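Architecture and fold: a report
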Amino acid sequence: MFDRMDQRGELLGWEAVGRVETGDGFCTGTLIARDVVLTAAHCLFDDTGRPIPAARIGFRAGYHRGQSIADRKVVRWLAASGFRDSAGGQLNGTMIANDVALLRLDRAVVSAEADPFRVHQSSRAGTRVSVVSYGQGREEVLSRERSCDLTAEYSDGVLAFDCDVTFGSSGAPVFVSVDGRMRILSVISALGRMQDGGKAAFGMRLHTHVAVLMGRLRRDAARPKISIGARRLDAGQRNETGARFVRP
């Protein structure tokens, strides 16, 4: 059962959830810092398995029927090092376990616009969760499934939920209540079925991925800008012609 946030006022407290738009489609994403959005890595690759340039990606916080609380451009994105996309969009267990990406925005979203959510480290099977997303057929307004369950967890970090998700829900935050506050436990990666035939949504443990990717984004942002007359080359870097998108 979904709560559709049809009225703008119903977005209060959820403004940090928005749409990650790539030009050809969209996923759901969530602010976890003033200038950083969490989503699923597979959202950032096209149908041939090629990475989408950051310049084509935007984030619309609190999107609602064509309007948003804050619109930002993406200047860089990083996917977890274990994620390798492939043509056709098929995800195996290893890919789901690493289907995490962070987007760095061109400028911060201020507190008057939206407050970021924190990432939660772990929960056990049986934990009650909720999902907030822009799913297919309800992509113009944010919807929340208030209560579903973390039904299984696997040794590779994959989590299974009995939440009712669909296309567009990729990258959607899976929330758990911690001391009365909502924290992000996982993001939606794939749809599938359990061994008993029941429908399932799959996500992953986030904490380590997010810490590593956040560190890399911050280090990149802290690097000195290249000025006229100077050129920075990393040790071991080859000088190549042509633009390339380098994945971690």
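Higher on the page you've got the structure.
We now turn to the structure provided with this report. (Residues numbered from 1 in each chain as written. Predicted model: local features only at pLDDT ≥ 70, side-chain atom pairs only at ≥ 80, totals over all residues. Heavy atoms only, no water.)

This part takes up the overall build of the chain. A count of helices and strands for the chain gives 2 helices and 14 strands. In the chain, the share of contacts with a sequence separation of at least 24, taken over all contacts with a separation of at least 6, comes to 67%. (Helix = DSSP H or I, 4+ residues; strand = E, 2+ residues; numbered from the N terminus. Contact = heavy atoms within 4.5 Å.)

According to the stated counting rule, one finds 14 salt bridges in the structure shown. The shortest N-O distance in the salt bridge between Arg60 and Asp71 comes to 3.1 Å. In this pair, Arg60 is assigned in strand E5 (residues 58-61) and Asp71 in strand E6 (residues 70-79), connecting sequence segments 11 residues apart. Between Glu113 and Arg72 there is a salt bridge whose closest N-O contact spans 3.0 Å. (Salt bridge = Lys/Arg side-chain N within 4 Å of Asp/Glu carboxyl O.)

This brings us to the state of the cysteines. Scanning the model with the defined rule gives 2 disulfides in all. Between the sulfur atoms of Cys27 and its disulfide partner Cys43 the distance amounts to 2.1 Å. Note on the Cys27 and Cys43 pair: the S-S dihedral is about -95 degrees, so by sign convention the disulfide is left-handed. Taken together, the positions of Cys27 in strand E3 (residues 26-33) and Cys43 in the loop between strand E4 (36-39) and E5 put the pair 16 residues apart, joining distant regions of the chain. Overall, Cys27 belongs to the buried group, its relative accessible area being 9%. A relative accessible area of 7% places Cys43 in the buried class. Between the sulfur atoms of Cys148 and its disulfide mate Cys163 the distance is 2.0 Å. Around the S-S axis, the bridge from Cys148 to Cys163 shows a dihedral of about 80 degrees and counts as right-handed. In this pair, Cys148 is assigned in strand E9 (residues 143-153) and Cys163 in the loop between strand E10 (158-161) and strand E11 (173-178), connecting sequence segments 15 residues apart. Look at the chain and number its bonded cysteines as they come in the sequence; the links are 1-2, 3-4. (Disulfide = S-S within 2.5 Å. Buried < 20%, exposed > 50% of the residue type's maximum accessible area, 1.4 Å probe, protein only.)

With that settled, the discussion passes to the pairing of E10. In E10, alternate side chains face the same way, and those of Val158 and Ala160 on one face and Leu159 and Phe161 on the other are all buried. Bridge analysis of E9 against E10 gives 3 bridges, and the strand direction is antiparallel. The residue bridging Leu150 from the neighbouring strand is Phe161, located in E10. In this antiparallel pair of consecutive strands, E9 and E10, the connection spans 4 residues, and Gly157 shows a positive phi of 95 degrees. Sheet topology places E10 next to strand E14 (residues 199-204); 4 bridges connect them, and they run antiparallel. If you follow Ala160 over to E14, its bridge partner there is Phe202. (Pairing = 2+ DSSP bridges.)

A separate point is unusual backbone geometry. Residues other than glycine seldom take positive phi values, yet Arg65 does so here, at roughly 50 degrees. For Arg65, a relative accessible area of 49% translates into the label partly exposed. Notably, Asp179 is not glycine yet its phi reads approximately 55 degrees, a positive angle. Along the chain, Asp179 falls in the loop between E11 and strand E12 (181-187). On the basis of relative accessibility, which here comes to 79%, the residue Asp179 falls in the exposed class.

Counted according to the given criterion, the structure contains 6 aromatic pairs. Between Phe45 and Trp77, the ring centres sit 5.5 Å apart and the planes meet at 75 degrees, which makes this aromatic pair edge-to-face. One end of the pair, Phe45, is in the loop between E4 and E5; the other, Trp77, is in strand E6, with 32 residues separating them in the sequence. Comparing Phe45 with Trp77 shows no difference in burial state: the two are buried. Feature note: the residues Trp14, Phe117 and Phe175 constitute an aromatic cluster, connected by ring pairs. A cation over an aromatic ring shows up here: Arg19 above the ring of Phe26, its NZ or CZ 4.3 Å from the ring centre. (Phe/Tyr/Trp six-rings, centres within 6.5 Å; stacked < 30°, edge-to-face > 60°. Lys NZ or Arg CZ within 6 Å of the ring centre and 35° of its normal.)

Now for the environment of Val74. With respect to the secondary-structure elements, Val74 resides in strand E6. Taking relative accessible area as the criterion, Val74 reaches 5% and is therefore assigned buried. In this structure Val74 touches Ala54, Ala55, Ile57, Gly58, Leu103, Arg104 and Leu105, once residues within four positions along its chain are discounted.

Keep in mind these numbers describe shape, not what the thing actually does.
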